[in-house]
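Letter by letter, the chains look like this.
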Amino acid sequence: MSINSNLSIAVVCSSNMNRSMEAHNFLAKKGFYVRSFGTGNNVKLPGMSFDKPNVYEFGTSYDYIYNDLCNKDKQYYTQNGLLHMLDRNRRIKKCPEKFQETKEQFDIIVTVEERVYDQVLEHMESREVTDNRPVHVFNVDIEDNHEEALMGAFLITDMITMMSKSSDLDNDIDELLQEFESRRNKTVLHSVLFY
């Protein structure tokens, strides 16, 4: 069975920094057309203390954020892995993007936590259906740290690769999800919405 790399995929987390970008990186390397987004009000990264995160607007370049954190405390942000993550991100795309602002249509949208899944569903349901084109929205829970983002990227890539082998995704989806969930021991939320 050949892979259908014509699928249009979006990966969504809260800030378009860690989990969505790791999965974006993996999927792009496998030849998929992929975009990544965040659903939060702002882009938030850990700060020097728990109650003082670094907050940026969506659209602020990864380069700018990287340099800003270097100026604040290069050693600290190198040790906690943020500069490495931002360096990866700026090699993939220019800046974090907000899901609610894209007009692009996707075949599959993958979220990485239930709150983000709910925000995506809420946004999609608030739009007027114009093309009656189905989109499959999935949630795979991934903890927001570097190690789990890496493992989550493997899981998401595995799931998308399975789905890309289907010649009729709309018809095969339930069976594919069941197979994926039992093989990976992961529960996946799934909804079908329309553009």
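(A) Region of the structure containing the pairing of strand 1 (residues 8-13). The element strand 1 is largely enclosed, with a buried count of six among its six residues. Pairing of strand 1 with strand 2 (residues 33-38) involves six bridges; the strand directions are parallel. Bridging from a neighbouring strand, S8 pairs with Y33 of strand 2. Between the parallel pair strand 1 and strand 2, the chain is carried across by helix 1 (residues 19-29), and the sense of this crossover is right-handed. In terms of strand pairing, strand 1 meets strand 5 (residues 108-111) through four bridges, oriented parallel. What sits directly across from V12, in strand 5, is T111.

(B) A look at the environment of Y56. For Y56, the location among the structural elements is in strand 4 (residues 54-56). Look at Y56 and you get buried, because its relative accessible area is 7%. Spatially, the C-alpha atom of Y56 lies 9.6 Å from that of P96, the residues being 40 residues apart in sequence. Setting aside residues no more than four positions away along its own chain, Y56 makes contact with N42, V43, L45, Y64, I65, D68, L69 and K72.

So, how was this worked out
- Residues numbered from 1 in each chain as written.
- Predicted model: local features only at pLDDT ≥ 70, side-chain atom pairs only at ≥ 80, totals over all residues.
- Heavy atoms only, no water.
- Buried < 20%, exposed > 50% of the residue type's maximum accessible area, 1.4 Å probe, protein only.
- Helix = DSSP H or I, 4+ residues; strand = E, 2+ residues; numbered from the N terminus.
- Pairing = 2+ DSSP bridges.
- Right-handed = clockwise from strand over helix to strand, strands pointing away.
- Contact = heavy atoms within 4.5 Å.

Read these as geometric descriptors, not functional statements.
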